[in-house]
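Structural overview
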Amino acid sequence: MKVTEHLDKANQTLISFEILPPLKGQGVQSIFDAIDPLMEFNPPFIDVTYHREEFVYKNKSGGLLEKQIVRKRPGTVGICAAIMNKYQVDAVPHIICGGFSREETENALIDLDFLGIDNVLLLRGDPIKSEGIFIPEKNGHVYAIDLLKQVTNMNNGVFLDEELPSTVKTNFCIGVAGYPEKHFEAPNFKMDLNHLKNKVESGAEYIVTQMFFDNSKYFEFVKRCREIGIEVPIIPGLKPITSLKQITSIPRTFHVDLPDDLVDNLSACKTNEDAKQAGIEWAIHQSKELINANVPCLHFYTMSRSGPVKKIVENLF
Ligand code: FAD
C-alpha cells in the first residue's frame, strides 16, 4: 500500500521508522532485532536508507597508499523485500541520484516494481565525504527533481528507451525531503522552498523533513510551504539525541540547531547514559506537541537502534 493511502485512512498520528542497512558483513537478523521491539507500535511503513560508495585509502607495502571504493552498507533493496516478507509492512527504499546513471536507476526501479514495492523516497544524496561537493554520476541526475521526473515518467509508462513496445506503468508513490532549517547549500529559505515546490509539482506526494529539535521550526516551515501552495502531507522527522558527543556532531552533520534548553539539559549530563535519557525526554516533549498539532505521522530516525525510540513512543499514547 502507498504511504499516502496509509496517511489518508489514519484517524490519529501514525508512527513510522527509518532504519539503516547493516554494515557489510552483518546479517539481516541485526535489522530484525532493531525492528522487532518497534512492531508493537504498528508502523504502517518503514524506510530503509541508501548509502553510496566511499573512498578509503589502504596502506600498501613500500609506504604506498591505494585508493579503494567501498560500500559500507549495501543491501537496501534486499532489506526492503525482507521487511515486507517478514512483517507484511510496507517498506520505503531511499533512492539517490549520487553514484547512479539513469540506466542503473531505471533497472533498480524495475527490480523494486517486480518486488511489489510501491513506495520510494527520492533524494539527491550527499557529496562523497572526500569530494566536498556533490558530483553527479556520468549520465546521472544532478538534483532530486531530475530523479523524480524519471520515476513519474515510468509511472506513465515512459522508459529511457522511448521505443520500447507496450510498456507497463509502474505505480510508485513518491516522497521527497524537506528542510525546516533550510538545506545547507541553498542560498536562502525562499529558494529552497521554491525547489521543494517544484518537486511537488513534478509528482512528489508527500514530504519527510530533516530532523529538527525545535518544533517552532517545523510549524513555521509547514506554514511557509502552505503559503506558497505546497499542499501535500509534511511528515516531521525526529531523532533522539543518544550521546554527549551528538551536541556537536548533529549540528555539524545535519546542519540543524539545538535549542538552548536542550543544550543546557545535555550540558548538565555527566555520562552518555544521562545524555540519552535527556534526549529521550526532549523527544517525548517534541512528539507530544506534534501529536497535539495533528501531524499525520511521526517519523523516527532510529539509526537501527530501537531502545530510545521504543521508550519515546511508549510514552505518547
Ligand atoms: P535536492 O532536492 O536535489 O536539493 C539539493 C539542493 O539543491 C538544495 O539546496 C536545493 O535547494 C537545491 N536545488 C534543488 N533543485 C534545484 C535546481 N533545479 N536548481 C538549483 N538548485 C536546486 N542521503 C543519502 O545519501 N541516503 C539516504 O537514504 C538519505 N535519506 C534522507 C532522508 C531524509 C528524510 C532527508 C531529509 C535526507 C536524507 N538524505 C539521504 C540526505 C540528502 O540526500 C541530502 O540532504 C542531500 O544533500 C539533499 O538531498 P535532496 O533530495 O533534498 O536534494
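Regarding the side chain of His141
- Structurally, the position occupied by His141 is in the loop between strand 6 (119–123) and helix 5 (144–155).
- Residue class for His141 comes out buried when judged on its relative accessible area of 3%.
- Reaching out from His141, the side chain makes a polar contact with the side chain of Gln150 at a distance of 2.6 Å.
- Aside from chain neighbours lying at most four places away, what touches His141 is Cys97, Phe100, Arg102, Phe134, Pro136, Asp146, Leu147 and Gln150.

Let's talk about the sheet that holds strand 9 (residues 234–238)
- With parallel pairing, eight strands are arranged side by side around a closed barrel as 1-2-5-6-7-8-9-10. On average, adjacent strands in this sheet sit at an angle of 30° to one another, irrespective of strand direction.
- Bridge count for strand 5 (residues 90–96) against strand 6 is three bridges, and the pairing is parallel. Looking at the pairing, Ile96 lines up with Leu123 of strand 6.

Digging into the nonpolar core
- Judged by nonpolar contacts, the single largest core of 60 residues is most densely connected at Ile83, Val120, Leu298 and Phe300.
- The element that contributes the greatest number of residues to this core is helix 3 (residues 76–87), accounting for six residues.
- In contact with Val120, not counting residues within four places along its chain, are Val92, Pro93, Ile95, Leu109, Leu112, Val151, Phe172, Cys173, Ile174, Gly175 and Tyr206.
- Leu123, Ile250, Val256 and Leu266 belong to the second-largest nonpolar core, a separate cluster that totals 28 residues.

Considerations on the site of the ligand
- Around the ligand, 22 residues are found, and the nearest of them are Tyr50, Tyr179, His183, Asp192 and Lys199.
- Separating an oxygen atom of the ligand from a backbone N or O atom of Ala144 is a distance of 2.9 Å.
- At a separation of 3.2 Å, a nitrogen atom of the ligand approaches a polar side-chain atom of His195.
- Starting from 980 Å² of accessible surface for the ligand in isolation, the protein chains cover 85%.
- Broken down by secondary-structure element, the contributors of at least two residues to the shell around the ligand are strand 5, strand 6, helix 6 (189–201) and strand 8 (206–211).
- If one sorts the elements of the shell around the ligand by residue count, helix 6 sits on top with three residues.
- Among the residues forming the shell around the ligand, the class breakdown is eleven nonpolar, six polar and five charged.

About the criteria used
Residues numbered from 1 in each chain as written. Predicted model: local features only at pLDDT ≥ 70, side-chain atom pairs only at ≥ 80, totals over all residues. Heavy atoms only, no water. Helix = DSSP H or I, 4+ residues; strand = E, 2+ residues; numbered from the N terminus. Buried < 20%, exposed > 50% of the residue type's maximum accessible area, 1.4 Å probe, protein only. Polar contact = N/O pair within 3.5 Å; in protein donor to acceptor, adjacent residues only side chain to side chain. Contact = heavy atoms within 4.5 Å. Pairing = 2+ DSSP bridges. Axes fitted to C-alpha atoms, helices over the stretch in contact; angles between N-to-C directions. Core = buried A, V, L, I, M, F, W, Y, C linked by side-chain atoms within 4.5 Å. Near = heavy atom within 4 Å. Areas by Shrake-Rupley, 256 points an atom, 1.4 Å probe, with all protein chains shown as cover. Nonpolar A, V, L, I, M, F, W, Y, C, P; charged D, E, K, R; others polar.

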